[in-house]
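Each chain is listed here by its residues.
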Amino acid sequence: MRKNGNLVAIITMIFLFGMISFVTNLAAPIGVIWKQQPGIDGSNALGMMGNMMNFLAYLFMGIPAGKLITRIGYKKTALLAIGIGFFGVLIQFLSGIVGVGATVAGLPANWFIYLAGAFVAGFSVCILNTVVNPMLNLLGGGGKKGNQLVQIGGTFNSLMGTLTPMLVGALIGAVTKDTVITHVNPVMYIAMGVFLLAFIILAFVPIGNPQSAAQGGHVESPWKYRHFVLGVIAIFLYVGVEVGIPGTLNFYLSDSDSGAGLDPKTAATIAGFVAGTYWFLMLIGRFVSSFISGVISSRTQLSCAAAVAAALILVAMFVPAGVSTSMPVFTGSGFGMVQVPLSALLLVLCGLCTSVMWGTIFNLAVEGLGSATALASGAFMMMVVGGGILPLLQNAIADAAGYMVSYWVVVVAVLYILWYAALGSKVKKA
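Here the residue numbering is sequential within each chain, running from 1 through the sequence in written order. Thresholds applied to this predicted model are a pLDDT of at least 70 for local features of residues and 80 or more for the giving and counting of side-chain atom pairs; totals over whole chains, interfaces and linings are not thresholded and use all residues. The side-chain values count all of the structure's non-hydrogen atoms but skip hydrogen atoms and water molecules.

S.K.: How would you explain the overall build of the chain if you had to name every residue and give the values?
M.R.: Going along the chain from the N terminus, every DSSP run of H or I of four or more residues is numbered as a helix, and every run of E of two or more is numbered as a strand. Helix and strand counts for the chain come out as 15 helices and four strands. Expressed as a percentage of the 430 residues in the chain, the buried residues total 60%. Note on areas: Shrake-Rupley with a 1.4 Å probe; residue coverage comes only from the protein chains shown. By element, 71% of the accessible surface of the chain is carried by carbon and sulfur atoms, the whole surface being about 15,600 Å². Three exposure classes are used, based on accessible area relative to the maximum for each residue type with a 1.4 Å probe and protein chains only: buried under 20%, partly exposed in between, and exposed over 50%.

S.K.: Requested: an account of unusual backbone geometry, with residues and values cited.
M.R.: At A105, a residue that is not glycine, the phi angle is positive and equals roughly 55°. Secondary-structure assignment places A105 in the loop between β1 (103-104) and β2 (107-108).

S.K.: Describe in detail the pattern of salt bridges, supporting the description with residues and values.
M.R.: Between Lys or Arg on one side and Asp or Glu on the other, a salt bridge is scored when a side-chain nitrogen of the former is within 4 Å of a carboxyl oxygen of the latter. Counted under the stated rule, the structure contains one salt bridge. In this structure, E242 and R286 form a salt bridge, with 3.5 Å as the shortest nitrogen-oxygen distance. Of this pair, E242 sits in helix α8 (residues 226-254) while R286 sits in helix α9 (residues 267-292), and the two are 44 residues apart along the sequence. The burial state of E242 is the same as that of R286; both residues are buried.

S.K.: So what about the state of the cysteines? Which residues, and what values?
M.R.: What counts as a disulfide here is a pair of cysteine sulfur atoms lying within 2.5 Å. Applying the stated criterion across every chain yields a total of zero disulfides. C350 forms no disulfide, and the closest cysteine sulfur to it belongs to C353, at a distance of 5.6 Å. Judged by its relative accessible area of 0%, C350 is buried.

S.K.: Describe the side chain of S343, naming the residues involved and giving the relevant values.
M.R.: Considering the arrangement of structural elements, one finds S343 in helix α11 (residues 342-354). Aside from chain neighbours lying at most four places away, what touches S343 is Y252, A316 and M404. Should any heavy atoms of two residues lie within 4.5 Å, those residues are counted as being in contact.

S.K.: Account for the packing of aromatic side chains, naming residues and giving values.
M.R.: In this analysis, rings of Phe, Tyr and Trp, with Trp reduced to its six-membered ring, are considered paired at centre separations within 6.5 Å, and the interplanar angle assigns stacked below 30 degrees, edge-to-face beyond 60, and tilted for intermediate values. Under the definition given, this model contains 14 aromatic pairs. Each ring, one from F55 and one from Y58, has its centre 5.6 Å from the other, and the planes form 20°; the classification is stacked. Remark: Y58 and F55 occur in helix α4 (residues 49-94); sequence separation between them is three residues, near one turn of the helix. Residue Y58 is classed as buried on the basis of its relative accessible area, which comes to 1%. Taken together, a centroid distance of 6.2 Å and an interplanar angle of 75° make the contact between F318 and W408 edge-to-face. Of this pair, F318 sits in helix α10 (residues 298-318) while W408 sits in helix α15 (residues 408-424), and the two are 90 residues apart along the sequence. When its relative accessible area of 41% is taken as the criterion, W408 is described as partly exposed. In this analysis the charged atom, NZ for Lys or CZ for Arg, is taken to sit over a ring once it is within 6 Å of the ring centre and within 35 degrees of the ring normal. The ring of F251 carries the charged tip of K35 above its face, separated from the ring centre by 4.8 Å.

S.K.: Quick rundown of the environment of V427? Include the residues and the values.
M.R.: Structurally, V427 is set in the segment after α15. Residues in contact with V427, not counting those within four places in the same chain, are H227 and E367.

S.K.: Which residues make up the environment of G140, and what are the values?
M.R.: Summarising the element assignment, G140 is placed in the loop between α5 (109-139) and α6 (143-172). Sequence-wise, G140 and I10 are 130 residues apart; in three dimensions their C-alpha atoms are separated by 9.1 Å. Residues within four places of G140 in sequence aside, it is in contact with K145, G146 and L149.

S.K.: Summarise α4; cite the residues concerned and give the values.
M.R.: For α4, built from 46 residues, the straight-helix expectation of 68 Å at 1.5 Å per residue is missed by more than 12%, its first-to-last C-alpha distance being only 18 Å. Note on bend: at a given residue it equals the angle between the axes fitted to the 7 residues ending there and to the 7 starting there. I72 marks the point of greatest bend in α4, at about 115°. Helices are assigned an expected span. That span is 1.5 Å times one less than the residue count.

S.K.: Help me get a handle on the side chain of N51, residues and values and all.
M.R.: Examined against the element boundaries, N51 turns out to sit in helix α4. Take N51: its relative accessible area is 2%, and that puts it in the buried class. Residue contacts for N51: discarding those within four places in its chain leaves A27, V243, G387, G388 and P391.

S.K.: Please set out the packing of α4 against helix α7 (residues 185-204) residue by residue, giving values where relevant.
M.R.: All axes are obtained by fitting lines to C-alpha atoms, using only the stretch in contact for helices, and the reported angles, taken between N-to-C directions, cover 0 to 180 degrees. Contact geometry for α4 and α7: axes closest at 9 Å, N-to-C directions at 160°. The angle between α4 and α7 falls in the class roughly antiparallel. Helix-helix and strand crossings are classified by hand; for α4 and α7 the assignment is left-handed. Touching K75, A78, L79, I82, G83, G85, F86, V89, L90, Q92 and F93 of α4 are N185, M188, Y189, A191, M192, F195, A198, F199, L202, A203 and F204, all from α7. An angle counts as roughly parallel when it lies under 35 degrees, as roughly antiparallel when it exceeds 145, as roughly perpendicular when it falls between 65 and 115, and as oblique in every other case. It is the rotation of the near helix from the far one that decides the hand of a crossing: anticlockwise by less than a right angle makes it left-handed, clockwise makes it right-handed.

S.K.: Any details on α10? Residues and values, ideally.
M.R.: With 21 residues, α10 ought to run about 30 Å at 1.5 Å a step, and its terminal C-alpha atoms sit 31 Å apart, in line with that. Along α10, the positions that sit buried rather than exposed are S298, Q301, L302, S303, A305, A306, A309, A310, L312, I313, A316 and M317.

Here it is, written out as structure tokens:
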């Protein structure tokens, strides 16, 4: 019975892992619409603000989410997160109805409603992340097996990340100033339906608390551990890298003035497919890692992934813009060949590298923390705000100096992750 209970808990956590990606990955492709609206007028930074608000919620909710687990348990915390997520998506849906045509400080009034919805949805995914990661790691008993379960969950997470930008890109089609946010209403309906279904299912699934023995007793502070503190920084930078690479690439390929050379009539759709292929490669990488993590250590996987990612990004930055190549893209139903800049292909290949980073960093950083794992997970969630801050910084640089120059932000972050894998992750107290 114990094994069956664990299996149900593992499957449930993996499903929730996918929901996290579905909600999070709505922001960048929907931003393609918002950046063309009157008042925003093509600003990449403002187009990325929905993504920023989604991740900003982590800064406020990360620590409280960890404390929620210790007080009310994993299941009740997850149910609360799902309920919040439903209302977050509902607010985003209302941005296509309320305040349309009105302006505030020269910006579309309904854009602010959308940002509020993205912020509320961010609370949901933050709490879900706080539940899912330690739950899978603990159900696997930590170490290599714990990392293996996190990578399996990450595989399903990447599947949803693959399909979301493709679905939104297909619904958007050609983006002009006349394109309205209601074009993506079908995605909003799906998101609300998924949250509602998940709430009903989870309410009837028995999930225990694998840390119940530690609850009610003394819980040590994770901040005493140097490798955890450095790991928190690594997570901040990693999430910025994971989101910034495909998010900025989506904007680059959709922008008719970027020099990418795509047909403006189909650029947004192709950009969605290309960005989706990045997430598909993350799926492949996590799927493979779920098999090899029982044999190859987290430190080895992270070191290799960071080194290759740094090389790919640097080459992509210095390849002449006019150099193009045919690239297979996953369209949701199969593969097709599209002509894209060579730099786009190199950046998409980074998906294989980033695929293992979350699980390996988390696994290395919580090693030896014991009862402090739940609080540590909350701190990690707080630092996921990097997924909003780094892409916003990157796109502000893109507005000022060009898309490829903006990838220096990503290079610096990846080099830190490489250092953490090699030296900073050794278990030590601060």
